[in-house]
Amino acid sequence: MRLRRAGKSEKTGKANAKPNKPDRVPGIARFWAFSVAGVAVVLLGAVVTLAVVWMDRERDFGTAQAARTASLIASDLGNRVAVQRELLQRWTSDTALREALRSGKAQDRRVAEEMVAARVPSALRVRLTEKDLQGPEAMDAYGLSYAGLDLVQQAVRQREVTPLEVHLLGQQGVHLAIAAPVLDEAGSEALGVLHVAFPFSLLSSPSAHGGVRVLLQQRAGDKVATLEPEQGRVVEAAEAAAGADVAGTRLRVVASAVGGGVSPDGNELLVAGITYATLLALMAAVLWLPQQALKSVLEKDH
């Protein structure tokens with residue numbers, strides 16, 4: 001049986017037939033997706049690196065700002081204390097105080113106390129004590145706390161004006177105290193002690209200074225008491241970026257940048273996230289446009 005030979009028209013139709021156009025160009029979309037993923041990783045790394053650099057700079061700036069603030073406040077408080085110390089230094093060789101102490105009469109001491117109080121208007125209380133004070137009876141007689149008694153004894157031993165310190169820490173009657181020995185004419189022996197209490201407001205200072213938190217610290221035995229500088233309330237100790245001693249006192253100003261200067265807050269994280277997403281979207285669009293153009297050309301070639 002002989003097969004029929006294909007006609008001319010059939011051959012021509014087969015020759016002119018075009019291959020079916022593929023539904024899509026394989027590999028282009030996958031290339032775009034991989035490109036976007038690669039850009040996302042690189043961009044994320046860049047954002048994290050910039051964030052670390054930014055936080056380091058913020059930390060350094062916060063520390064420097066805290067150090068400047070602590071130094072300025074300590075200097076200001078030291079100047080206030082210096083005025084009072086100079087006044088007490090003059091009383092160490094005052095003739096009237098010597099006579100009152102040598103007389104041994106309580107009335108003469110009270111007159112001397114009133115004289116000193118009139119010349120130190122910022123004082124809360126002035127006490128002219130004997131040099132050999134011991135025990136609770138002496139404390140009751142002169143209205144002194146244990147810390148006040150210890151301050152008087154320091155002045156006798158050292159024969160010089162003591163540093164200013166905070167007494168009755170954490171109590172209702174918190175105040176500042178200082179003591180000056182009343183010396184004999186030769187300056188070799190203390191005849192008694194002038195104990196002066198000042199309100200804490202003498203060293204009062206705002207607890208916040210331009211983004212820096214400020215606290216005061218005083219060592220009490222083996223412990224360190226931390227005080228807020230406005231009213232002298234005892235507060236929980238906080239990590240400080242910098243500190244400076246207050247001249248003429250047992251106090252130290254400690255300061256730290258509010259927020260620490262190292263951790264971004266919620267708003268900053270939100271802005272960083274939006275920025276990252278925006279940049280990623282722009283990069284994806286930049287890659288998508290040439291990808292679409294290349295896809296179109298390849299489809300036409302097929």
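Shown above is the structure to which this text applies.
Now for a description of the structure that goes with this document. Everything numeric here is computed off the predicted structure, so don't read it as measured data. (Residues numbered from 1 in each chain as written. Predicted model: local features only at pLDDT ≥ 70, side-chain atom pairs only at ≥ 80, totals over all residues. Heavy atoms only, no water.)

Describing the sheet that holds strand 1 (residues 125-130)
Thought 1: Taken together, the four strands give an open sheet; going across it, the order is 1-4-3-2, and neighbouring strands pair in antiparallel fashion. Edge positions in the sheet fall to strand 1 and strand 2 (165-167), since each of these pairs with one other strand and no more. Going from strand to strand, the sheet's axes swing by 35 degrees on average, the running direction of each strand aside.
Thought 2: As judged from the nine bridges shared by strand 3 (residues 175-183) and strand 4 (residues 190-199), these two strands associate in the antiparallel manner. Following the sheet pairing, L183 is matched in strand 4 by A190.
Thought 3: With respect to the sheet, helix 4 (residues 106-119) is in contact with strand 1 and strand 4, its orientation differing from that of strand 1 by roughly 140 degrees.
Thought 4: Sitting on the sheet, helix 6 (residues 146-158) touches strand 1, strand 2, strand 3 and strand 4, and the angle it makes with strand 4 is about 135 degrees. (Pairing = 2+ DSSP bridges. Helix = DSSP H or I, 4+ residues; strand = E, 2+ residues; numbered from the N terminus. Axes fitted to C-alpha atoms, helices over the stretch in contact; angles between N-to-C directions. Contact = heavy atoms within 4.5 Å.)

Some remarks on the packing of helix 3 (residues 95-103) against helix 4
Thought 1: One can describe the packing of helix 3 onto helix 4 by two numbers: an axis separation of 8 Å at closest approach and a directional angle of 160 degrees. Taken together, the axis directions place helix 3 and helix 4 in an arrangement best described as roughly antiparallel. Like other packed secondary-structure pairs, helix 3 and helix 4 cross with a definite hand, here left-handed. For the pair helix 3 and helix 4, the contacting residues are A96, L97, A100, L101 and S103 in the first and D108, R109, A112, M115 and V116 in the second. (Parallel < 35°, antiparallel > 145°, perpendicular 65-115°, else oblique. Left-handed = near helix turned anticlockwise from the far one by under 90°.)

Examining the nonpolar core
Thought 1: In terms of nonpolar packing, the biggest core is built from 41 residues, with F198 and V253 touching the most fellow members.
Thought 2: Looking at which element gives the most residues to this core, the answer is helix 2 (residues 28-91), with eight residues.
Thought 3: The contact partners of V253, leaving out residues within four places of it in the chain, are A70, I73, A74, L77, V214, L215, L216, A242, G243, A244 and V246.
Thought 4: Membership of the second largest hydrophobic core comes to twelve residues, among which are L133, Y142, L144 and V152. (Core = buried A, V, L, I, M, F, W, Y, C linked by side-chain atoms within 4.5 Å. Buried < 20%, exposed > 50% of the residue type's maximum accessible area, 1.4 Å probe, protein only.)

Honestly, that's just the spatial picture; any functional story needs more than this.
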